[in-house]
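Understanding the architecture of this molecule
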Amino acid sequence: KTNVMFLKIHKTASSTVLNIMFRFAERYNLTVALPADQLFHLGYPKTFKAHFVEEFEVIGQNYNIMCNHLRFNPSEVRKVMAANTFYFSILRNPIPLLESSYIYYKNSVPAFRLSKDVNEYLASPLKYYHQADYKQNIYARNIMWFDFGYDNNAEDDKKYIQAVLKEIEQNFHLILIADYFDESMILLKHTLCWDLDDVVYFKLNSRSQDTVQTLTPESKERIKAWCSLDWKLYLHFNQSFWRRIEETIGLKLLEKEVNRLRMRQKELMEICLLEQEGVGRNHIKNKALQPFQSGAANILGYNLNQNLDNRTLRNCQRMAMPELQYMSYLYAVQHP
């Protein structure tokens, strides 16, 4: 399948998926719906409109891939993407997600800026989180719910939640789970009839361990209550994810394929990378591979091996290339 819409949700390993989508688009010479005016997002955090896409007026419904950050709005997305488009997204356990969000958006989100650390914030979030600032504070509560296009400050009402879950199931063919990333990539590969190299990846936009704050057991419980909409969203789709795997691949074959994916990844890391792992921002030699840095996080990047032949170098560069650099590269190719 080559017509694919990926809803990129914040802090859910979605930058790694974006890289997979960009490489797929290049490999098969597909058209990507890039943000108009060289912006980074498709109008985010505004609700998506078709004209947020570069040259939408000219290209119309002839885009194959859409995968940049946007706030989901099905009717407008359908104006851009063909009728047979495959829709998928990825969710993450709200507990590690909120901690990641806290570090990453520490300087830009008022609710985070005002508190000392993540545990202090969670001890009494309403002390720091003011509804009036909700536009600046979207990363501080139910971010996944918001990215799907819903009100992240809505009441936790059973009927409302059921209705939203049903709507998401109608709009999306597949929801992956970041906490089981390799399993998710295998399920994606099977569902889209792609091959292994289409879903092999280097982890992107991840941060060094020393910038991870340890959540207390109380904080973990508080996240479930504070982000209860995200929590219920996650529980629901975590179940359907495993159900889908059992119905389509089976756990035996899944394990075999996950091992193949990891072996291929290891092989490519040996070919491509100097250190076989991500390095901190001060140790990245090639500035073209320097990822965007945010908040209190130290975002890791990669150093490539020297003396690679041209074709290998190109493949390695693509796999290690941070989001913003890859976007401007595709922009130059598609909209010279």
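Residues numbered from 1 in each chain as written. Predicted model: local features only at pLDDT ≥ 70, side-chain atom pairs only at ≥ 80, totals over all residues. Heavy atoms only, no water.

1. Digging into the overall build of the chain
Here is the rule: Numbered from the N terminus, helices here are DSSP runs of H or I no shorter than four residues, and strands are runs of E no shorter than two. In this treatment the radius of gyration is a C-alpha quantity, and the globule benchmark scales as 2.2 Å times the residue count to the 0.38 power. Buried, partly exposed and exposed residues are distinguished by accessible area as a fraction of the type maximum, computed with a 1.4 Å probe on protein chains only: under 20%, between the cut-offs, and over 50%, respectively. Any two residues whose heavy atoms approach within 4.5 Å are treated as being in contact. For the accessible areas, the method is Shrake-Rupley and the probe is 1.4 Å, while residue cover comes only from the protein chains on display.
The secondary structure content of the chain amounts to 16 helices and four strands. Relative to a compact globule of 336 residues, whose C-alpha radius of gyration would be 20 Å, the chain shows 20 Å and is just as compact. Taking the principal axes of the C-alpha coordinates as reference, the chain spans close to 55 × 45 × 45 Å. Among the 336 residues that make up the chain, the fraction classed as buried is 57%. For the chain, the proportion of contacts with a sequence separation of at least 24, taken over those separated by at least 6, is 72%. If you sum the accessible surface of the chain, you get close to 15,500 Å²; carbon and sulfur atoms cover 50% of it.

2. Observations regarding the pairing of strand E1 (residues 4-7)
Convention followed: At least two bridges found by DSSP between two strands is the condition for calling them paired.
Residues of E1 alternate between two faces, with Val4 and Phe6 on one and Met5 and Leu7 on the opposite face, all of them buried. Of the strand pairs in this sheet, E1 and strand E2 (residues 65-66) are connected by two bridges, and their pairing is parallel. What sits directly across from Met5, in E2, is Met66. Here E1 runs beside strand E3 (residues 86-91); their pairing, made up of four bridges, is parallel. Looking at E3, one finds that Leu7 is bridged to Ser89.

3. Concerning the packing of aromatic side chains
What counts here: Ring pairs are drawn from Phe, Tyr and Trp, using the six-membered ring of Trp, whenever the two centres fall within 6.5 Å, and their geometry is named by plane angle: stacked under 30 degrees, edge-to-face over 60, tilted for the rest.
Summed over the entire model, instances satisfying the criterion amount to 27 aromatic pairs. Residues Tyr44 and Phe146 carry aromatic rings whose centres are separated by 6.0 Å and whose planes lie at 80° to one another, so their mutual orientation is edge-to-face. On the criterion of sequence distance, the pair formed by Tyr44 in the loop between helix H1 (14-27) and helix H2 (56-59) and Phe146 in helix H8 (residues 143-147) is long-range, its members being 102 residues apart. Overall, Tyr44 belongs to the buried group, its relative accessible area being 10%. Given the relative accessible area of 3%, Phe146 is considered buried.

4. Quick word on helix H10 (residues 181-192)
Selection criterion: In this analysis, the expected span of each helix is defined as 1.5 Å times one less than the number of residues it contains.
In a regular helix each residue adds 1.5 Å, so twelve residues correspond to 16 Å; H10 covers 16 Å between its end C-alpha atoms and thus fits that length. Counted residue by residue, H10 has eleven buried out of twelve residues, so it is predominantly covered. The set of residues buried in H10 consists of Phe181, Asp182, Glu183, Ser184, Met185, Ile186, Leu187, Leu188, Lys189, Thr191 and Leu192. Just downstream of H10 lies Cys193, where phi reads positive at about 60°.

5. Looking at the pattern of salt bridges
In plain terms, the rule: Salt bridges are defined as contacts in which a side-chain nitrogen from Lys or Arg sits within 4 Å of a carboxyl oxygen from Asp or Glu.
Tallying each qualifying case throughout the model produces 15 salt bridges. Asp198 serves as the salt-bridge partner of Arg27, at 2.6 Å between the closest nitrogen and oxygen. With Arg27 in helix H1 and Asp198 in helix H11 (residues 196-199), this pair connects stretches of sequence that are 171 residues apart. In this structure Asp198 comes out as buried when scored by relative accessible area, which is 5%. Here Glu221 and Lys224 are joined by a salt bridge, their closest N and O atoms 3.1 Å apart. Taken together, the positions of Glu221 and Lys224, both in helix H12 (residues 217-226) and three residues apart, correspond to about one turn of that helix. Given the relative accessible area of 49%, Glu221 is considered partly exposed. Judged by relative accessible area, Lys224 falls into the partly exposed class, the value being 25%.

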